[in-house]
Amino acid sequence: MTTALGAEDYRELLSAALPESTDADTLLPDIHTLFTPDSHRVALYVDSTVVRGGRGVGKTFWYRSLLDDALREVAAEEYGIERLRRLVVSPGYGADVEPDLYPGTSVLRQLVEEGVRPYDLWHAVLLTALGQPELHEFAEWRDRVTWVRANPGAAERTVQRADREALQDGVTHLVIFDALEHLHRVRAQADRLVGGILELALAMRLGTRNIRCKVFIRPDMFDGALLHFPDASKLTANAASLTWSNANLYGLLFHYMGNHDSTYAQRFRSLTSGWETDAFGSRHIPPALLRGDERSQAEQFAQIAGPYMGANYRKGNTYTWLPNHLMDGVEQVSPRSFLSALNKAVAETRGTYAGHEYALHHEGIRRGVQTASETRVQEVGEDMPWVRLAIDPLAGRQVPIEQDTVTELWREMRLTDVLLKETERYEAGGEEDSLVRTGPRYPNDPDRLIEELITLGVMRRRRDGRIDLPDVYRIAFNIGRKGGVPRVSG
Amino acid sequence: MNLPSALVRFDDARPRALTIARDVAAEGANVLLVRDVLGRFALIVDDRAQDVPTARAAVWRERLATDLQRYSADRPLLLASELFSADDLLGSERAQPDPLHIPAAGHGSVLILDNTVVGEDWAQVSTPAVETDGSRTHRTALYGFKGGVGRTTAAAVLARHLTDQGHIVLVVDLDLESPGAGPLIAAGSVPPRHGIVDQLVESAVDNANGLELVGPTGYEPRTGRGELWVAPARGRDTKDVPYSYVDKLNRVYADIPGMDFADRLATAVQACEDAVARESESGRRPDVVLLDSRAGIHDIAAVAISRLCDLALLFGADNRQTWGGYGDLFTAWHASGQARAIREKLRMVASMVPDTPHHSMDDYLQSFREHSWECFSVLYDDDVPEAESGRLIPGAFSPSLEDDSAPHYPIPILFEPGLVGLDADRAPGWQDRAFVQAAYRDFLTTATLLITADPQSNEGPR
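Because the structure is predicted, anything quoted here is derived from the model rather than measured. (Residues numbered from 1 in each chain as written. Chains lettered and ligands numbered in written order. Predicted model: local features only at pLDDT ≥ 70, side-chain atom pairs only at ≥ 80, totals over all residues. Heavy atoms only, no water.)

Undergrad: What's the story with the sheet that holds strand β7 (residues 168–174) of chain B in this structure? I'm lost.
TA: By definition, the strands of a sheet pair up through backbone hydrogen bonds, in either a parallel or an antiparallel sense. Residues and elements named next belong to chain B. With mixed pairing, the 8 strands of this open sheet are ordered in space as β8-β9-β7-β10-β6-β11-β12-β13. The strands lining the two open edges of the sheet, one partner per strand, are β8 (215–216) and β13 (411–414). Bridge count between β8 and strand β9 (residues 227–231): 2 bridges; the pairing is antiparallel. Counterpart to P216 in the pairing with β9 is W229. Each of β6 (138–144), β7, β9, β10 (288–293), β11 (311–316) and β13 touches helix α4 (residues 151–164); the most contacted strand, β10, lies at about 175° to it. Along the sheet, helix α8 (residues 261–279) makes contact with β6, β7, β9 and β10, crossing β7 at roughly 145°. (Pairing = 2+ DSSP bridges. Helix = DSSP H or I, 4+ residues; strand = E, 2+ residues; numbered from the N terminus. Contact = heavy atoms within 4.5 Å. Axes fitted to C-alpha atoms, helices over the stretch in contact; angles between N-to-C directions.)

What follows is the structure, encoded as structure tokens:
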């Protein structure tokens, strides 16, 4: 027999099950929490070469999961993608330091300075993965690239042999790329390096049957690479995107709740019947209605947070409210923002509204958005410190704001100088190398800077041309919104 | 050399008068700015608690006359101590605080009293209270700035839907100058003997007892105990005496002793609701009343939206007329200090939304949403970071573009050419057709939830 979970029980479960708000990169995938939203299926197709996704949507998550045999098996099972079971996966680039498998940041910088062709460089990485014997004799990537350039015939034969053997063995070699924002601090160089990866990926797609690349990439970086490798547009047609619908976000929440190692989670599962244990006996898979049916999810979430953001429907729906307020300018919600908002909502409810009839109080949820906004700004700041530098001068202002006002503020603050100095700071090298992130593509062209921020979803343009900021950025940056009614303090 | 200054016109006068009023208030006295029916201003200074030196008064008087020119009243400055009925004026419920004035320490307050011939009801927002027995009649006004936006058709579809949900629904046709809801909703049934106009003219001579104001529509809900009633604007013709609609209409807007037009209209709606309780088999008052208001900036609309309803659905298409019209309306509410009270009652409806392969509903609604937000932002809080801390003050009513519970966020109704010029009498069952259901799906779901929710403020009619 199952008794319903009370408000405090749900609070216990939520605060235990929701991940701490740590850096997304350090949040490793784990067999219990691996969640497989339907919308990510296409991204895992072996033939989906380019997988686009903004910061915090799960690029690194899937990158790591593909490298892990057990997790890949789970994905294969859950998505019903048999090809995932017959892969030989190797990293082509990533945030981890793997000097034998791919060059690190300082090596890349050196190679770029020496004028190495990016294609040759990644070709060397691929051949290393395919087991080219000569390459293993060289410790330095510079020497490996030189060999590849000098021995095109041998390189070609290796690819051909590997392809044929893979066919006979019934496997596919998959070389995967992630963390491309670490490639090079100079945006144009990063774009060239990405262009090289895409060129190689396309060559394998067109020239082999069983060697494939998969490139996890931020949309703005993919667009940037198109400038350096026009054929990359051939990859656009089947590029997949990692997006999170409302149903996916709530599916993730319920998955976390049902997979925690506690009696609350167990009671939650029996209350929401239909959970299955996966083929490996290690995970609990939510029933389809809880995974992806908005109506059922809304009903379940109403058990946790009440149906409305206040007294009744006129105050808004709890189910849609959170995603609507966390959406960025390109209408994406990062799952980490979503989970951190809920985490804050639990803490706030416990602290201030402990007697509330539901586990989450709507004021707690409102406060959660504030926290999620800070999380988001921090998240983007890690990848692109320049975004922070560009938005900070707008603090204290109000949106919608004229584009000219923005560029004027930037001019007053000498943003171009600041951005260039920031680049120089990285140029100083040393330990900072591991923190290399992509700067803006056009630091000295304010109008194009704005376009970049729009592409990133940090800004959005109204139809009348003015610039707006979605709440998820606006709040943490302390930027107001224009209205007609003056607020009386107190 | 003094250049001849430009003439002060109507629009210039108000900001000039307010500036003077605020300056005078800054010297410590409470002031009331009165505008007469021609638009001229007089400033009443409350000198009862503290004396105003004659010299100061003379300076202010001079400034009013100079700055306002033709728009200063014959006696532009009045001292409360010299007035016969200062309390009535200064304590008038019609006087509204200056919405843009935040008095500093030691400053007096600024009130504005606007005397107009018509349309004053826009400036008096209130929400109907619960009934004495604790039940609540949810009153929703359906309004369009421009006619022809499918408002009445939507009212008809919505009324049936609510009836199907088990509610006792009354539709009141307040579009007196061009009645339509009555015939559309009552299709086929015999209209009642009397209409709203009869109630208005008869009650003026204290003769409203025994009027037959509402009629059952004969609509049978699919399930449940719902009933659909209609109170048409116009009553039924009889054989013997001609029904003189125009003669009646010409008399409905008059104020009668003790009752202005708004009171009369409120009483008429109340009478229709009482009639339902009296005449229905269930003996219950309606749960839901839909007020089909007339279009434009008109007194009926003013009363319906500002006072009679707890929810106003504002219909519009995404075009210049819509946003220009609503812009004027919202500006008037803002200027009269009603922004906070009215914004909680409003919700935008995007009617006649196109959805074709080349022009998708999403594109249209995106554009609609931005224009709507722009228009509504006059009524939203100015969310500005605090000067000292540079941080935002939490809790502003300043909804984002995507906030699907905000007043500006449109509820869509798809454009359906099959409904243009519908003759309800000759198209029985039209509301059940699949294309109609598809066009109204989102509207019916959302509007039902909004209508049946309790209003956010609950102050009752003043």
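What follows continues from the structure just given.
Undergrad: What is the right way to read the interface of chain A and chain B from this model?
TA: In many analyses, interface size is given as the accessible surface area lost on bringing the parts together. Each side of the interface is counted separately: chain A has 37 residues, and chain B has 47 residues. With both chains or domains summed, chain A and chain B bury close to 3,500 Å², and 46% of this area falls on carbon and sulfur atoms. Summed over the shared surface of chain A and chain B, the number is 6 salt bridges. Where E402 of chain B meets R460 of chain A, a salt bridge forms, and the shortest distance between an N and an O atom there is 2.3 Å. Taken together, chain A and chain B are joined by 24 residue pairs in polar contact (both at pLDDT 80 or more). Here the side of chain A that touches chain B gets 4 residues from one element, more than from any other, and that element is helix α17 (residues 318–326) of chain A. Here the side of chain A that touches chain B is built from residues that sort into 10 nonpolar, 12 polar and 15 charged. (Buried area = accessible area lost by both parts, 1.4 Å probe. Salt bridge = Lys/Arg side-chain N within 4 Å of Asp/Glu carboxyl O. Polar contact = N/O pair within 3.5 Å; in protein donor to acceptor, adjacent residues only side chain to side chain. Nonpolar A, V, L, I, M, F, W, Y, C, P; charged D, E, K, R; others polar.)

Undergrad: Please explain the sheet that holds strand β4 (residues 96–97) of chain B as it appears in this structure.
TA: Residue and element names in this part refer to chain B. The sheet built from 5 strands is open, its strands ordered β3-β2-β1-β5-β4 with mixed pairing. Both edges of this open sheet fall to β3 (72–79) and β4, since each of them pairs with a single strand only. Bridge count between strand β2 (residues 41–45) and β3: 4 bridges; the pairing is parallel. Within the sheet, the bridge partner assigned to F41 lies in β3 and is S72.

Undergrad: Any chance you could explain the layout of surface pockets here in plain terms?
TA: Empty pockets left among the atoms are what a rolling probe the size of a water molecule brings to light. In this structure, the largest pocket encloses a volume near 1,400 Å³. Looking at the lining of the largest pocket, the elements that each hand over two or more residues are α16 (294–305) and α17 of chain A together with α12 (361–376), β13 and α13 (434–452) of chain B. With 6 residues, α12 of chain B is the largest single contributor of residues to the lining of the largest pocket. In terms of residue class, the lining of the largest pocket is built from 15 nonpolar, 11 polar and 13 charged. Taken together, 37 residues form the lining of the second largest pocket, with W321 and R366 of chain A together with G395, A396 and F397 of chain B sitting closest to its centre. Counting only elements with at least two residues in the lining of the second largest pocket, the list comes to α17, α19 (362–383) and α24 (471–474) of chain A together with β12 (346–353) of chain B. Here the element with the most residues in the lining of the second largest pocket is α19 of chain A; it accounts for 5 residues. (1 Å grid on protein atoms, 1.4 Å probe; cavity = no way out; pocket = protein on both sides within 12 Å on 5 of 7 lines; lining within 4 Å. Points joined across faces, edges and corners; volume = space filled by probe spheres on them.)

Undergrad: What's the story with the nonpolar core in this structure? I'm lost.
TA: Side chains of a nonpolar character, in soluble globular proteins, are inclined to be buried together. Counting residues in hydrophobic clusters, the biggest one holds 142 residues, and the most contacted among them are W122 and M459 of chain A. Examining the composition of this core, we find that 9 residues originate from one element, helix α10 (residues 187–207) of chain A, more than from any other. In terms of nonpolar packing, the next biggest core, distinct from the first, is built from 70 residues, V485 of chain A together with A231, F261 and A312 of chain B among them. (Core = buried A, V, L, I, M, F, W, Y, C linked by side-chain atoms within 4.5 Å. Buried < 20%, exposed > 50% of the residue type's maximum accessible area, 1.4 Å probe, protein only.)

Undergrad: How should the pairing of β12 of chain B be read in this particular structure?
TA: The side chains of a regular strand alternate, first on one face of the sheet and then on the other. Residues and elements named next belong to chain B. A large share of β12 lies buried, amounting to 7 of its 8 residues. Of the pairings in the sheet, the one linking β11 to β12 comprises 5 bridges and is parallel in character. Counterpart to G316 in the pairing with β12 is A350. Relative to β13, β12 runs parallel, the two sharing 3 bridges. In the strand pairing of β13, V349 is matched with I411. Handedness of the crossover joining β12 and β13 through α12 is recorded here as right-handed. (Right-handed = clockwise from strand over helix to strand, strands pointing away.)

Undergrad: Is there a simple way to think about the confidence of the model for chain A in this case?
TA: Close reading of the predicted structure is inappropriate where its pLDDT is low. All names here are of chain A. Residue-level pLDDT values for chain A average 90, and 94% of them are 70 or greater. Within chain A, the element-level pLDDT minimum falls on helix α22 (residues 415–427), averaging 79, and the maximum on strand β3 (residues 172–177), averaging 98. The low-confidence segment residues 430–434 (pLDDT under 50) makes 7 contacts with residues lying over four places distant or belonging to another chain. (pLDDT = per-residue confidence, 0-100.)

Undergrad: Explain unusual backbone geometry to me, please; I cannot follow it from the model alone.
TA: Across residues other than glycine, the phi torsion is negative in most instances, and most of the peptide bonds are trans. Residue and element names in this part refer to chain A. Looking along the chain, the bond that leaves V399 and enters P400 is cis, with omega of -5°. Turning to its location among the elements, P400 is positioned in the loop between β8 (398–399) and α21 (403–412). Notably, R414 is not glycine yet its phi reads approximately 50°, a positive angle. By the secondary structure assignment, R414 is in the loop between α21 and α22. Look at N478: it is not a glycine, yet its phi comes out positive at around 55°. By secondary structure assignment, the location of N478 is in the loop between α24 and β11 (480–481). Taking the relative accessible area as the measure of exposure, N478 reaches 11% and is therefore buried.

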